[in-house]
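These are the residues of each chain, in order.
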There are 2 protein chains.
Amino acid sequence: MAAFELDHDPTRWGRGSGDGLTDAAQTFLVQQVGVGQARQAPGWDDVRVGPSRLGAELVAGLARLLGADHVLVDDAARRRHAGGLSYLDLLARRLDAVSAPDAVVLPGSEADVTEVLAWCEANGVAAVTFGGGTSVVGGLRTGEVDRPSIMVSMARLDDVLDVDVESHLVTVGAGITGPELERILATRGLTLGHFPQSWQRATIGGYAATRSAGQSSTGYGRSDEMVESMVVVTPRGTLRVGRVAASAAGPDLRALMIGSEGAFGVITQVTLRVRAVPAVTSDTAVVFPDYEAGLAAFRAMAQSGATADVMRLSDPAETAVTLAMSGPAGRGAELLDRYLGVRRVREPSMAILGWEGTRRAVAARRVEGLGMLTRHGAVSLGPTVGAAWRRHRFDGPFLRDDLMDAGYLVETLETATHWSRLTELRSTVESVLRAALADEGPGPYVMSHVSHVYDTGASLYVTVLARQGDDPVAQWRQAKAAATDALVAQGATITHHHGVGRDHAPWLNAEVGSLGVDILQSVKQKLDPAGVLNPGVLGLS
Amino acid sequence: MAAFELDHDPTRWGRGSGDGLTDAAQTFLVQQVGVGQARQAPGWDDVRVGPSRLGAELVAGLARLLGADHVLVDDAARRRHAGGLSYLDLLARRLDAVSAPDAVVLPGSEADVTEVLAWCEANGVAAVTFGGGTSVVGGLRTGEVDRPSIMVSMARLDDVLDVDVESHLVTVGAGITGPELERILATRGLTLGHFPQSWQRATIGGYAATRSAGQSSTGYGRSDEMVESMVVVTPRGTLRVGRVAASAAGPDLRALMIGSEGAFGVITQVTLRVRAVPAVTSDTAVVFPDYEAGLAAFRAMAQSGATADVMRLSDPAETAVTLAMSGPAGRGAELLDRYLGVRRVREPSMAILGWEGTRRAVAARRVEGLGMLTRHGAVSLGPTVGAAWRRHRFDGPFLRDDLMDAGYLVETLETATHWSRLTELRSTVESVLRAALADEGPGPYVMSHVSHVYDTGASLYVTVLARQGDDPVAQWRQAKAAATDALVAQGATITHHHGVGRDHAPWLNAEVGSLGVDILQSVKQKLDPAGVLNPGVLGLS
């Protein structure tokens, strides 16, 4: 990736957003969703955060542990760590309703973290681990915590500690970001291959804490599968979970800590499984005559082991948007029109496929994959659209800023289910969202894609655009509840890769059962009996 | 597999063993290990099991719950369920030191299991889940339980409940065996593809409870990866863990129940990920000039994603045994001699590779794999040896019976580590075993193979043959302790696929740390506060 300057402006994703929507986007929105009521974000320094609830004595106590330089109570630091990057978090900043942590601390070692947690226990202060700050499910929303709270920033714990090239393993401090890790791995011919949309900011510890999946997860695996072992500092001691590639030594405690979202401990160190940098990367785009044909092709590829590393299938609604917006001056739309003219299909569904590896392996796998796609009616759009996807694949968060400036609700929802239930799930969830967000205008606009495929099922990622209502928080909550209720009723998962945070917590009971929640609470009680760790996340306290 | 009559004779693996060792085997043993002191097993009916500690009233109580037909207290039934099939278990039968459960119960439903567990709690009786009875780590050894105990047999919970062909999912009662499941799946064109050496007896619930791996796990994955979801009946309610292919809804409770070895609950139902029956199966055998070349080839295949579905690399000691014993009249040895003559290698290491899938996919993968093997110096032995491996791949347990009859200690030990540590691990563990089992004879004979490869490491499976000592139990315990201490010191796992049971339990603390054990104990306390479930397994109570 090109270097990318991040300023951690709490109001938006980063510099470069706020440039406004293109003419094509504005035309599309007015036609499909209606005219939004512009609601410009405040400037960086205008976000108010209120006074810290930590008195001078407590701050001095933290400074004795970590050094004064590593305990931040100024407004700028607290503002930068005030929540994550969910729609609600961004909205709070625009509505001048931000809750900031009472301090930000920067431990420099595992021992520092242990001391900070002991201090929190002794002083009745909550500790929320802050990696890249990119939670989109309210994982970092300290405004909902019932006591003073500090953000435990992982920023100083960002070293590469060991590289075992022979074993394809790298051990890092949990605070290292994806770009920095990839930069260092590249010098050894290695890559992690994990590219969530939050890649420019998110940390390795955050990937593991939230069970993140990336754009190449079909090929490279989810973050769950990338963790060989971890160090987790808890108020009751330090856990080292995971050891070797595979074990039968009882239940897998690594899987209990992955996805624990800071409720059980602070992940300070992660040993990751890495791969050789691919010699070749080959992306392509194809169009299916309809969505069902695309699903059948993706399922056939998954179940025969002939997957590409990136597999993304857009429904007709997303296909229309993608092609209209992609390339210079509607080049994508032109290609689509040509395709449509020849085929006379009315519901085109576009897919992006990406293969990575040695030249020979990519060539062989590509031939096999394209053969399966073709047998299901896919027609190639050539390399332009595929390349455009790769170039713009981290653009979503920027676009979200611009859409919010223009007065739109923009949200995504992600789930997964079995192949046999995917069509019904999509139809149900989209109907529910349309009903929940209906207004007097033409919108909302609901579109979706499948972007992670498995032998037994696939993810479903739904994007919804609507005009913001008068009470945008209530509007969002109502739509979120309706959609998540529908997921539960369909037997799908409440989240495929965003995590639980606070926004999904009310439905965790439906996902794992009350006894399942009891188990999580027992583990919490064992590791964090005073309940200082990210209270409320996963619904645990 | 050909139909295979199992009689569940508690003294040995099955009919067909006890035929005695071949001349070639006897010659080898005398030369390499020395002459054993024959110790013939007792006959089926001669194994004494002692009286049941359950009085008539308790038995009547169980009969009221399940029906009298499903509560067995006769010697024959108790003898058939008296422990597993570990070396110590087999030895106990030969030494007339068997501890049998006080009764065997056969629940017919999830509700039955719930009632049995409640009854156990109320009456202070331990409940040990019995699937195929093939534990080789003391998972079923009720003689070490501090109270009366019953075996909860899964034999009646063996139905195929649902097949979702589109999603490649099958839901079964946990008591179904591998052969029965494969027979039913085959009628739908599907296979589980899980073939542990215990396949003829072991149950699906047992696979999941012990984190079993099979001979094709490099291709098909471990049992951990085959479970989409499970129903687990605990004394505090019924858990449904797992839901869809992938989720980010908090920690993965499925991974907490997989490997729980009956300590947290009774797995009654499992939804499994299955595959299409392969059109083609292609096995081959190759010989490397030395073991290190074989390891390098296997590592290259694993790290480039060019794995075969079966990958097994024998060290020179195992290679010598395998080739000498395989095929009619030393045909394998003859092939080896031809190879050695041409190449003048002194430490040949043989590998078995198996590919499965569509004709086209197998052809392509085979070419790629054989290319990598050849570049590392491998020479093909042709199809004969590979076919012999597949034909005899379930023979190990039979041979063990014969070796014990002839007075030999025969045991296996399995672990896994990173690629960079594998050579040192093998050398250390083998040295420790040789020292621990040294006697005045030429033995012991120690040999090993790698049979499961991962990007970051591989399994190591060590077989040891020695003459039985005067106190064979103490002899085994001492060697086991020395070897497991060595695994721990090397940072390897204490078990790659056999599980923990009671034999590995003393080292679980070294594997997961005392805080890790505390977490397991907390979960146990939540789900089984009276401690009725398989007390002592995993070291939990």
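Look a little higher up for the structure.
Visitor: Any details on the overall build of chain A? Residues and values, ideally.
Guide: Helix and strand counts for chain A stand at 19 helices and 19 strands. Relative to the compact-globule value of 24 Å for 541 residues, chain A shows a C-alpha radius of gyration of 23 Å, a close match. Dimensions of chain A, computed from C-alpha atoms along their principal axes, come out at roughly 75 × 55 × 45 Å. Per element, the accessible surface of chain A, about 19,000 Å² overall, is 51% carbon and sulfur. Charge-centre separation for chain A: the mean point of 50 positive side chains lies 4 Å from the mean point of 61 negative side chains.

Visitor: A description of the relation of the copies chain A and chain B should follow, citing residues and the corresponding values.
Guide: The transform that puts chain A on chain B rotates by 180 degrees and translates by 0.0 Å along the axis, for an RMSD of 0.0 Å. Both copies are brought into coincidence by an operation consistent with a two-fold rotation axis. An overlap of 100% is found between the interface residues of chain A and their copies at the interface of chain B, pointing to a shared contact surface.

Visitor: Any details on the side chain of histidine 498 of chain B? Residues and values, ideally.
Guide: Along the chain, the position of histidine 498 of chain B falls in the loop between α18 (472-489) and α19 (508-527). Relative accessible area serves as the criterion here: at 18%, histidine 498 of chain B is assigned to the buried category. Setting aside chain neighbours within four positions, we find histidine 498 of chain B in contact with Ala248 of chain A together with Val136, Val137, Thr412, Glu414 and Tyr461 of chain B.

Visitor: Run through the interface of chain A and chain B, naming residues and quoting values.
Guide: Counting from both sides, the interface comprises 77 residues of chain A and, opposite them, 77 residues of chain B. Between chain A and chain B, the buried area comes to about 5,800 Å², and carbon and sulfur atoms account for 59% of it. Broken down residue by residue, the surface that chain A buries against chain B is led by Arg243, Pro251 and Leu515 of chain A, which jointly contribute 12%. Arginine 275 of chain A is the salt-bridge partner of aspartate 455 of chain B, the closest N and O atoms lying 3.3 Å from each other. Where the side of chain A that touches chain B is concerned, the elements lending two or more residues are β9 (227-234), β10 (237-241), α10 (253-257), α11 (291-304), α14 (359-375), β17 (408-418) and α19 (508-527) of chain A. Broken down by element, the residue count for the side of chain A that touches chain B peaks at 13 residues, all from α19 of chain A. Class assignment of the residues belonging to the side of chain A that touches chain B gives a composition of 31 nonpolar, 25 polar and 21 charged.

Visitor: Quick rundown of the sheet that holds strand β14 (residues 310-314) of chain B? Include the residues and the values.
Guide: Residue and element names in this part refer to chain B. Spatially, seven strands are ordered β16-β13-β15-β14-β18-β19-β17 in an open sheet, and the strand pairing comes out antiparallel. Only two strands of the sheet have a single neighbouring strand rather than two, namely β16 (379-380) and β17 (408-418). Bridging between strand β13 (residues 280-288) and strand β15 (residues 349-357) involves nine bridges; their strand directions are antiparallel. Of the residues in β15, the one forming a bridge with valine 286 is alanine 351. On the sheet, helix α14 (residues 359-375) packs against β13 and β15 and is oriented at approximately 160 degrees with respect to β15.

Visitor: Would you mind going over the side chain of aspartate 252 of chain B in detail, with residue names and values included?
Guide: Tracing the backbone through its elements, the reader meets aspartate 252 of chain B in the loop between β10 (237-241) and α10 (253-257). Given a relative accessible area of 16%, aspartate 252 of chain B falls into the buried group. A distance of 3.0 Å separates a polar side-chain atom of aspartate 252 of chain B from the backbone nitrogen of arginine 254 of chain B. Ignoring any residue separated from it by four or fewer positions in sequence, one finds aspartate 252 of chain B in contact with Arg211 and Ala255 of chain A.

About the criteria used
Residues numbered from 1 in each chain as written. Chains lettered and ligands numbered in written order. Predicted model: local features only at pLDDT ≥ 70, side-chain atom pairs only at ≥ 80, totals over all residues. Heavy atoms only, no water. Helix = DSSP H or I, 4+ residues; strand = E, 2+ residues; numbered from the N terminus. Rg over C-alpha atoms; globule rule 2.2 N^0.38 Å. Areas by Shrake-Rupley, 256 points an atom, 1.4 Å probe, with all protein chains shown as cover. Lys, Arg positive; Asp, Glu negative; His and termini not counted. Charge placed at Lys NZ, Arg CZ, Asp CG, Glu CD. Least-squares fit on C-alpha atoms with pLDDT ≥ 70 in both. Contact = heavy atoms within 4.5 Å. Buried < 20%, exposed > 50% of the residue type's maximum accessible area, 1.4 Å probe, protein only. Buried area = accessible area lost by both parts, 1.4 Å probe. Salt bridge = Lys/Arg side-chain N within 4 Å of Asp/Glu carboxyl O. Nonpolar A, V, L, I, M, F, W, Y, C, P; charged D, E, K, R; others polar. Pairing = 2+ DSSP bridges. Axes fitted to C-alpha atoms, helices over the stretch in contact; angles between N-to-C directions. Polar contact = N/O pair within 3.5 Å; in protein donor to acceptor, adjacent residues only side chain to side chain.

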